[in-house]
Amino acid sequence: MNGRPLRVLLVEASGRGFLSHYSHALALGLHRAGIETRLLTGRRDELQGWSVPFHKQACLDSGRRGWRCVRRQVREDRPDIVHLQWVDSPIHALSFVRWARKRGVRVIYTPHNILPHERRWLLMPAYRLLYRRMARVVARDHHLAWALEELLDTPQERVTLLPGSPNFLALQAQQSPADSPAPKKLSGERRLLFFGHGSRRKGLDQLLTTVAGNLWPEEMHLVVAGEGVLRGIPAELLNAAKSAMRFTLINRYVAPQEVAVLFQDADLLLMPYIRQCKSPLLDLAAALRLPVLRSDRVEGADFLEGVHGVTFSHNDHSVMEQRLKRPQWLSGVRRNLAAMDDPLSAIDRLAEGHRQLYLKVREERKLLCGDTDQFPAFLFPASEI
């Protein structure tokens, strides 16, 4: 057992967005650390054209079909650790944990949200049981660690804090820059970026109202990008904003390579959200060294005021207006961002923390050989594999 390298199977089924980018970054770091790493991702893998040095398979669907693919990979590869980055059903996940333990495979879970957005109170008892059955639960920040212990009764010894949000896009953007979907940046231009899927909670209407109600220097350029990004925006408000400031609209799905270059070309990311949201865009902006102007409704575990950007009250857009009109504060933020670790160093640091965790769990597996762990029988139908 000690003679061969650790063998780890990462499981992330969305195939898109932050979860996919984080999982790819972690897989790359584990590979660089000498761990035999395989990544199972969703069939809608938006990074499918990107070369990676580790084994990757895009076979995951939601529901039982996805979990059958995970079981099949476990049978074929016999990993030491299965590390879940995704759970679509706590019942299916509990069944898989029971199945894996019988085969001597330990399961770790990194919950990027400790409860789902829908039916969270109904599903809380099942998630509480799921967290207690994991070999470890990885918390990406102190807030998640607190919630796991205090709200979901996860034993403290099973919670491991491993902060860090390296993003695969940041590394790839350095190596393989893509063409921007926005116009070429002009000399002296100050480019503002609003990015994301369309939603009234993100405050684009308030931003456009601020833009439309002021006079702006000619070098200011607002780029609004994302699938359905104009959802709920009145045409007259959009036209008024276009009259007040140079404006570019990219109203479609933006591929990862394009996302990276949009962030690199921008001078400031605007996040004037009006409803509470924990956004992975903060992590992506930090990884790509882009300052952020956010409302106090945008949460981010690693966000440091004055280092990654600045914050204003969501009820007082006059502060946002003043920050845009007097951008001298940006120079200090840029210096702080430039002093951060490079993307590869951040990836390696996160991978080292995981490597040490995996070694501990593998040693525990030897001690628990034959452990059957009890699961409530009513959760699993007799036909469950």
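So, a few notes on the structure that sits alongside this text.

The rules behind each value
Residues numbered from 1 in each chain as written. Predicted model: local features only at pLDDT ≥ 70, side-chain atom pairs only at ≥ 80, totals over all residues. Heavy atoms only, no water. Patch = residues over 30% accessible without salt bridge, like charges linked within 9 Å, V, L, I, M, F, W, Y side chains within 5 Å. Areas by Shrake-Rupley, 256 points an atom, 1.4 Å probe, with all protein chains shown as cover. Salt bridge = Lys/Arg side-chain N within 4 Å of Asp/Glu carboxyl O. Lys, Arg positive; Asp, Glu negative; His and termini not counted. Charge placed at Lys NZ, Arg CZ, Asp CG, Glu CD. Helix = DSSP H or I, 4+ residues; strand = E, 2+ residues; numbered from the N terminus. Core = buried A, V, L, I, M, F, W, Y, C linked by side-chain atoms within 4.5 Å. Buried < 20%, exposed > 50% of the residue type's maximum accessible area, 1.4 Å probe, protein only. Contact = heavy atoms within 4.5 Å. Phe/Tyr/Trp six-rings, centres within 6.5 Å; stacked < 30°, edge-to-face > 60°. Lys NZ or Arg CZ within 6 Å of the ring centre and 35° of its normal.

## With respect to a positive patch on the surface
Together, Arg64, Arg68, Arg72, Arg75, Lys102 and Arg103 make up a positively charged patch on the protein surface. Looking at which element gives the most residues to the positive patch, the answer is helix α2 (residues 64-77), with four residues. With respect to the helices, strands and loops of the structure, Arg72 is situated in helix α2.

## Observations regarding the nonpolar core
Counting 57 residues, the largest nonpolar core has Phe263, Leu269 and Tyr358 as its most contacted members. Broken down by element, the residue count for this core peaks at seven residues, all from helix α1 (residues 17-32). Excluding anything up to four places from it in sequence, Phe263 contacts Leu193, Phe195, Leu269, Leu281, Leu284, Ala285, Leu288 and Leu290. Of all hydrophobic cores here, the second largest spans 40 residues; its members include Leu9, Ala13, Leu40 and Leu144.

## Observations concerning the packing of aromatic side chains
Tallied over the full model, the rule gives eight aromatic pairs. On the basis of an interplanar angle of 40 degrees and a centroid distance of 5.7 Å, the ring pair of Phe18 and Tyr22 is categorised as tilted. Of the two residues, Phe18 and Tyr22 both sit in helix α1, four residues apart, roughly one turn of that helix. By the burial criterion, Phe18 is buried, and Tyr22 matches it. Between Phe195 and Phe263, the ring centres sit 5.7 Å apart and the planes meet at 80 degrees, which makes this aromatic pair edge-to-face. Highlighted residues: Phe195 in strand β8 (residues 190-195) and Phe263 in helix α9 (residues 256-265), separated in sequence by 68 residues. Linked through ring pairs, Trp67, Trp86, Phe96 and Trp99 together constitute an aromatic cluster. Over the face of the ring belonging to Trp99 we find Arg71, whose NZ or CZ atom lies 5.6 Å from the ring centre.

## With respect to the pattern of salt bridges
Per the stated rule, a full pass over the model turns up 19 salt bridges. Across the pair Lys56 and Asp45 runs a salt bridge, and its minimum N-O distance is 2.7 Å. Of this pair, Lys56 sits in strand β3 (residues 55-60) while Asp45 sits in the loop between β2 (36-42) and β3, placing them 11 residues apart in sequence. Classification of Asp45 as buried rests on a relative accessible area of 4%. Several salt bridges converge on common partners, so that one network encompasses Arg43, Asp61 and Arg65.

## Points about the environment of Ala285
With respect to the helices, strands and loops of the structure, Ala285 is situated in helix α10 (residues 281-287). The sequence separation of Ala285 and Gly226 amounts to 59 residues, and the corresponding C-alpha distance is 16 Å. Ala285 has contacts with Phe263, Leu269, Leu290 and Val292, leaving out every residue within four places of it along the chain.

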